[in-house]
Amino acid sequence: MANSGAEKLKLYSYWRSSCAHRVRIALTLKGIDYEYIPVNLLKGDQFDPDFKKINPMGTVPALVDGGVVINDSFAIIMYLDEKYPEPPLLPRDLHKRAVNYQAMSIVLSGIQPHQNLAVIRYIEEKVNAEEKTSWVNNAINKGFTALEKLLVSCAGKHATGDEIYLADLFLAPQIHGAINRFQINMEPYPTLAKCYESYNDLPVFQNALPEKQPDAPSTI
Ligand SMILES: N[C@@H](CCC(=O)N[C@@H](CS)C(=O)NCC(=O)O)C(=O)O
């Protein structure tokens, strides 16, 4: 373990959260032992005053490393990458590095905020369930179209070659949720679908899957 002997890191997570899923992959990839603390988003644990002292935004993931508290999956992942540099999450090649940032950003700000629980609940309550589905599908398909174009010429087994980098930590959870939660057809996105197949072969991705988490329901 990369952090053997030190106090265990604490990860506030929810089994189905794609944002927490990204961090779980990073922790596993870097061989970091951590304590999993479930925050049940459906029951509203994210609004609990004690949790909001940790993350005033009322979202997961949150990471506690001794006296250091970090919120937001991107900030957490970069913190982990700097504290535990092996294996690196950014390639040396500047172009590839920029592609990783771009793919990360499409998922972080172009897709996930549109499918977030608070947003889809709001649309369902104020409009209807049909509008919710079309809103989410539109955001995912728009983002996947851009990602497919971005990655088609540089993907290998994974998003920017055969190594696992930042983009993969964002893509794997996003594609998993798109398929299993939102029933998105991946046929128009062959590069993304191929990367997803490769992720599914690797224990580091398998162990971070929502259904493998301690707070996942026994039947999904
Ligand atoms: N940019 C933040 C977004 C965090 C976020 O939206 N998390 C979702 C789960 S993926 C959440 O906790 N939602 C709670 C809610 O909508 O009430 C990150 O990447 O960590």
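Residues numbered from 1 in each chain as written. Predicted model: local features only at pLDDT ≥ 70, side-chain atom pairs only at ≥ 80, totals over all residues. Heavy atoms only, no water.

(A) Quick look at the domain arrangement of the protein chain. The domains assigned to the protein chain are domain 1 (10-87) and domain 2 (94-206). Each of domain 1 and domain 2 has a C-alpha centre, and the two are 20 Å apart. Contact with domain 1, which involves 17 residues of that partner, is made by 18 residues of domain 2. Summing both sides of the interface, domain 1 and domain 2 together bury roughly 1600 Å²; the carbon and sulfur share of this comes to 73%. (Domains from an automatic or database assignment. Contact = heavy atoms within 4.5 Å. Buried area = accessible area lost by both parts, 1.4 Å probe.)

(B) Region of the structure containing the sheet that holds strand β4 (residues 68-71). One open sheet accounts for four strands, arranged β2-β1-β3-β4; its pairing is mixed. The open sheet terminates on both sides in strands that have one partner only, identified here as β2 (34-38) and β4. The sheet shows a mean angle of 20 degrees between the axes of neighbouring strands, taken without regard to direction. Relative to β2, strand β1 (residues 9-13) runs parallel, the two sharing five bridges. Across the sheet, S13 pairs through a bridge with P38, a residue of β2. Seen against the sheet, helix α1 (residues 18-29) touches β1 and β2 and runs at an angle of roughly 150 degrees to β1. Set on the sheet, helix α3 (residues 73-83) makes contact with β1, β3 (62-65) and β4; between it and β4 the angle comes to about 135 degrees. (Pairing = 2+ DSSP bridges. Helix = DSSP H or I, 4+ residues; strand = E, 2+ residues; numbered from the N terminus. Axes fitted to C-alpha atoms, helices over the stretch in contact; angles between N-to-C directions.)

(C) Structural context of the UniProt feature "domain: GST C-terminal" (unreviewed entry) in the protein chain. Under the local residue numbering, the UniProt record ascribes the feature "domain: GST C-terminal" (unreviewed entry) to residues 93-218. Annotated as 67% helix and 0% strand, the span residues 93-218 places its first and last C-alpha atoms 43 Å apart. (UniProt positions renumbered as here; feature names shortened; annotations may be inferred.)

(D) Broad picture of the packing of aromatic side chains. Counting across every chain of the model gives four aromatic pairs. Between F144 and Y189 the ring centres are 5.5 Å apart and the planes differ by 80 degrees, which places this aromatic pair in the edge-to-face class. Of this pair, F144 sits in helix α6 (residues 129-151) while Y189 is found in the loop between α7 (166-180) and α8 (190-200), placing the two residues 45 residues apart along the sequence. The buried category is assigned to F144, whose relative accessible area is 0%. (Phe/Tyr/Trp six-rings, centres within 6.5 Å; stacked < 30°, edge-to-face > 60°. Buried < 20%, exposed > 50% of the residue type's maximum accessible area, 1.4 Å probe, protein only.)

(E) The arrangement of the packing of α1 against α3 in detail. Packing of α1 against α3 leaves a shortest axis separation of 9 Å and a crossing angle of 10 degrees. In terms of orientation, α1 lies roughly parallel with respect to α3. Facing C19, R22, V23, A26 and L27 of α1, the residues of α3 in contact are S73, I76, I77 and L80. In the contact of α1 with α3, the residues fall into seven nonpolar, one polar and one charged. (Parallel < 35°, antiparallel > 145°, perpendicular 65-115°, else oblique. Nonpolar A, V, L, I, M, F, W, Y, C, P; charged D, E, K, R; others polar.)

(F) Layout of helix α5 (residues 117-126). Among the residues of α5, L117, I120 and I123 are the ones counted as buried. One face of α5 carries all of its buried residues, which in axial projection span an arc of 135 degrees. When the buried face of α5 is taken as reference, the exposed residues oriented beyond 90 degrees from it are A118, Y122, E125 and K126. For α5, the elements touching its buried residues are α4 (94-115) and α6. (Arc of directions from axis to C-beta.)

(G) Structural context of the site of the ligand. The immediate surroundings of the ligand are formed by 17 residues, with Q46, V60, D72, S73 and N116 found nearest. In the model, an oxygen atom of the ligand is placed 2.8 Å from a nitrogen or oxygen of the Q46 side chain. The backbone of V60 places a nitrogen or oxygen atom 2.8 Å from a nitrogen atom of the ligand. For the ligand, the protein covers 89% of the area, taking 520 Å² as the surface of the free molecule. Elements with a minimum of two residues in the shell around the ligand: α1, α4 and α5. (Near = heavy atom within 4 Å. Polar contact = N/O pair within 3.5 Å; in protein donor to acceptor, adjacent residues only side chain to side chain. Areas by Shrake-Rupley, 256 points an atom, 1.4 Å probe, with all protein chains shown as cover.)

(H) Local environment of the nonpolar core. The biggest cluster of nonpolar side chains holds 66 residues, and the ones touching the most others in it are L80, F144, L147, L169, L171 and L192. Counting residues domain by domain, this core receives three or more from each of domain 1 (10-87) and domain 2 (94-206). Discounting chain neighbours no more than four positions away, the residues touching L80 are L9, V23, A26, L27, K30, I32 and L63. (Core = buried A, V, L, I, M, F, W, Y, C linked by side-chain atoms within 4.5 Å.)

(I) Summary view of α1. Helix length check: α1 (12 residues) gives 17 Å between terminal C-alpha atoms against 16 Å at 1.5 Å per residue, within 8%. The complete set of buried residues in α1 reads S18, C19, A20, H21, R22, V23, R24, I25, A26, L27 and L29. Among the structural elements, β1, β2, α3, α4, α7 and α9 (203-206) are those in contact with the buried residues of α1. If you check the start of α1, you find a side-chain oxygen 3.3 Å away from the backbone N of C19, and it comes from S17. One or two steps after α1, the chain reaches G31, where phi turns positive at roughly 65 degrees. (Expected span 1.5 Å × (residues − 1).)

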